[in-house]
Structure formats: C-alpha cells, structure tokens
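Spelled out, the chains give:
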Amino acid sequence: MSDNPLGDHLRARRELVQPADVGIRVTGVRRTPGLRREEVATLAGVSADYYLRLEQGRDRNPSPQVLEALARVLGLDTTATAYLLGLAGIRPTVPARRSRPHRQVVPAGTRQLLDVIGLPAFVENRAFDVLAANSLATELAPGLRAGENRLRTMFLDHDEVERYPEWPQQRAGMVAAFRTSIGADVDDPDVVQLVGELSLGSEEFRQLWARHDVRPLGGGAVRMWHPEVGDLELRREKLAVGGTDGQLLVVHHAEPGSPSARGLALLGSLAATRTAAAHSATEQSDVPASGT
C-alpha cells in the first residue's frame, strides 16, 4: 500500500475530471489525463506549489477549507468529500491505523435474530467479511456464509456470478462502497491483504480500485437467480448493529404477494427440509448399533 493515500486519491480524482467539466477550453493536444495540477490549484484558490506538495505527500496537514475547495473542483459529492477529509488525518510517521480485530464477535441478540427473522439475512463487517448468516441466506447464495468475503466472491468466485445477473454493472459501486466503508483504514493489514489478493486475481478490480471512487453505503434492489426457484427480484436492507465496530445486518426481502416472495417462501421450505434431514442423519449416527 502507498504511504501517501491523500496524494494518491487527489491525483486519481484529478485525472478523471475533464477540462470541459470545469469550464476549461482545450486547444491542441493535451498529454495530461484529466486536469493539470496547475488548473486544480487555480480553481481551488491555492498555489500550484502547495497543491503539488499535497499530491506528493510533502504536506499532509491541509485545512478542511482547502480540502473542501479541492473537493468542489474535483466534483466530489458529500460522501466523497467526507472520505477526502478522513484521508487527511493519516500520518506516515505515526500511522493512525485502527486494525480490525481478527475475530469479530456478532452480538448474541443479533445471532438470535438471524435464526428467527424468517428471511435471508447475514452480518458483515466494514471489510465486507460475512461474520454470521442464517441458513436461508446460504441457501440463497453459497457465498453468503460465515468466513466468506463478499468482494472476493464478486470478483473471484466464477460459480457464484451466475446467481447475480447484474454483478458486472454493480462491481464498480461495490468497490466504491468498500472504500467508503474502510475510510482512512486503507493500511489495515487485513485490508491490505484482501486488496492485494483481489488485485492479483482480477484486472477489473485493480482498475476500479485505482479510480479511488467512493459511494454511500446502503441497501437497494438486487436481482438474483436460484437454480431451484428461478429469478428473484429482491430488496436488500442494511441495518447498523449497535455496539460494534461497523457491523451491518443485511436482510433480503421481496414485495408481499409477488412471485419473488413465493420464491423466497419455497426457498425457506427447501432449507427447512434439508436442515431437518441433516439433524435426522446426525441423530441416527449417534444411536449405538444393536448387539453392542
């Protein structure tokens, strides 16, 4: 990972802004992608030398006013601006890391809720690791089980892709939401390992990560396909789990009375049947053989 996340972010975003977007008329051939440093500095009301120091990491303590001015020039929304401000708090000599525990505990009440909610649901942490899931969630998609990572599944598990017809269009948003979720903790060892694995395994992820996009976290519509119940049009809700370091309870549901709601009900029956069969097989294996 770079030791200059603020400068990297500024440079990546600068290269994505077209001169016409900020009212600059282009004549001739431009060798620089996006805006030039001098153009960003002028539009933000800072000196070109100062902006150069920011990108190069020679000044790591800009004021909020300077960063907000740069955010306006770069066309950043509220979420992206907050992310930019967060990056300014990183210090290379005393890294402001906040390493995630290697084992995060899901509160007992939330685990109980997973068992009784009657809908596919799971708990994820800030790095999109699945910490706990009910049988309906795993029945809906095998990647929704404890120990999996949703980004790893999205980019590296080709068998799972067929269950999400819109994943190719959603990957950019997923990577941007991941950046938002981890915030300034880009040097967290677990995050570094995950990003390295995904970068080596997926050219698409590497390109999306290099864009430094950020996007608000939240639920939304999701289309899925299941080999036994067919197409499903679902909603995904994300609810914060109180008393944790950013854990989210993620619940899938369908419009009442819709074909997708009937599909989820059928999925629940299949899951219950399989669970009962598994329990029965376990009980039989525990019964001593006759004559012993």
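Residues numbered from 1 in each chain as written. Predicted model: local features only at pLDDT ≥ 70, side-chain atom pairs only at ≥ 80, totals over all residues. Heavy atoms only, no water.

Colleague: Please explain the layout of surface pockets as it appears in this structure.
Modeller: It is a probe the size of a water molecule, rolled over the atoms, that shows where empty space is left. Quantified by volume, the largest pocket comes out at close to 430 Å³. Considering the residues around the largest pocket, the lining is formed by 24 residues, among which Gln170, Met174, Gly218, Arg236 and Lys238 are closest to the centre. When residues of the lining of the largest pocket are traced back to their parent elements, those giving at least two are helix H8 (150-156), helix H10 (167-182), strand E3 (220-226) and strand E4 (230-240). The greatest single-element share of the lining of the largest pocket, amounting to six residues, is contributed by H10. Looking at side-chain class alone, the lining of the largest pocket contains 11 nonpolar, eight polar and five charged residues. (1 Å grid on protein atoms, 1.4 Å probe; cavity = no way out; pocket = protein on both sides within 12 Å on 5 of 7 lines; lining within 4 Å. Points joined across faces, edges and corners; volume = space filled by probe spheres on them. Helix = DSSP H or I, 4+ residues; strand = E, 2+ residues; numbered from the N terminus. Nonpolar A, V, L, I, M, F, W, Y, C, P; charged D, E, K, R; others polar.)

Colleague: Explain the nonpolar core here, please?
Modeller: Across soluble globular proteins, nonpolar side chains show a tendency to be buried alongside one another. Counting residues in hydrophobic clusters, the biggest one holds 62 residues, and the most contacted among them are Leu70, Leu151 and Phe178. In contact with Leu70, other than residues within four places in its own chain, are Leu10, Val40, Ala44, Tyr51 and Leu54. Ranked by size, the runner-up nonpolar core spans nine residues in total, among them Leu114, Ala121, Leu131 and Val251. (Core = buried A, V, L, I, M, F, W, Y, C linked by side-chain atoms within 4.5 Å. Buried < 20%, exposed > 50% of the residue type's maximum accessible area, 1.4 Å probe, protein only. Contact = heavy atoms within 4.5 Å.)

Colleague: Could you clarify how one ought to interpret the packing of aromatic side chains in this entry?
Modeller: The way to describe two aromatic rings as a pair is by their centre distance and the angle between their planes. As enumerated under the stated definition, the model contains five aromatic pairs in all. Summarising the aromatic geometry, the rings of Phe155 and Phe205 are spaced 5.4 Å apart at their centres and angled 80° between planes, so their arrangement reads as edge-to-face. Taken together, the residues Phe155 in helix H8 and Phe205 in helix H12 (residues 203-210) connect sequence positions 50 residues apart. Note on Phe205: relative accessible area 0%, which makes it buried. Centroid distance Phe178 to Trp209: 5.8 Å. Interplanar angle 45°. Geometry classified as tilted. Linking Phe178 in helix H10 with Trp209 in helix H12, this pair joins segments that are 31 residues apart in sequence. Between Arg150 and the ring centre of Phe128, over which it is positioned, the NZ or CZ distance is 5.5 Å. Seen from the ring of Phe155, Arg171 lies directly overhead, with NZ or CZ sitting 5.7 Å from the centre. (Phe/Tyr/Trp six-rings, centres within 6.5 Å; stacked < 30°, edge-to-face > 60°. Lys NZ or Arg CZ within 6 Å of the ring centre and 35° of its normal.)

Colleague: Whenever I open this one, the sheet that holds E3 confuses me. Can you help?
Modeller: Where strands meet in a sheet, backbone hydrogen bonds hold them as pairs that are either parallel or antiparallel. Spatially, E2-E1-E5-E4-E3 is the arrangement adopted by the five strands of the open sheet, whose pairing is antiparallel. Strand pairing shows two members of the sheet lacking a second neighbour, strand E2 (130-133) and E3, which therefore form its edges. Strand-to-strand, the axes of this sheet are offset by a mean angle of 30°, without reference to chain direction. Pairing geometry for strand E1 (residues 121-124) and E2, over three bridges, is antiparallel. Paired with Glu124 across the two strands is Val130, which belongs to E2. (Pairing = 2+ DSSP bridges. Axes fitted to C-alpha atoms, helices over the stretch in contact; angles between N-to-C directions.)

Colleague: Even after reading the chapter, I still don't get the side chain of Asn149, so can you show me in this structure?
Modeller: Within the secondary structure, Asn149 sits in the loop between helix H7 (135-140) and H8. A distance of 3.4 Å separates a polar atom in the side chain of Asn149 from the backbone oxygen of Phe128. Looking at Asn149, its side chain comes within polar contact range of the main-chain nitrogen of Leu151, at 2.9 Å. Ignoring anything within four residues of it in the chain, the contact list for Asn149 reads Ala127, Phe128, Asp129 and Leu194. (Polar contact = N/O pair within 3.5 Å; in protein donor to acceptor, adjacent residues only side chain to side chain.)

Colleague: What is the right way to look at the pattern of salt bridges in this model?
Modeller: Between side chains of opposite charge, a pair can form as their charged atoms come close. Inspection of the entire model under this criterion finds 19 salt bridges. Taking the shortest distance from any N to any O, the salt bridge between Asp8 and Arg11 comes out at 2.8 Å. Residue Asp8 and its partner Arg11 are located together in helix H1 (residues 5-14), separated by three residues, close to a single helical turn. The class of Arg11 is partly exposed, set by a relative accessible area of 28%. Residue Arg274 is joined to Glu228 by a salt bridge in which the shortest nitrogen-to-oxygen separation is 2.5 Å. Within this pair, whereas Arg274 is found in helix H13 (residues 259-286), its partner Glu228 is found in the loop between E3 and E4, the two being separated by 46 residues in sequence. Residue classification places Arg274 among the partly exposed residues on the basis of a relative accessible area of 36%. When its relative accessible area of 41% is taken as the criterion, Glu228 is described as partly exposed. (Salt bridge = Lys/Arg side-chain N within 4 Å of Asp/Glu carboxyl O.)

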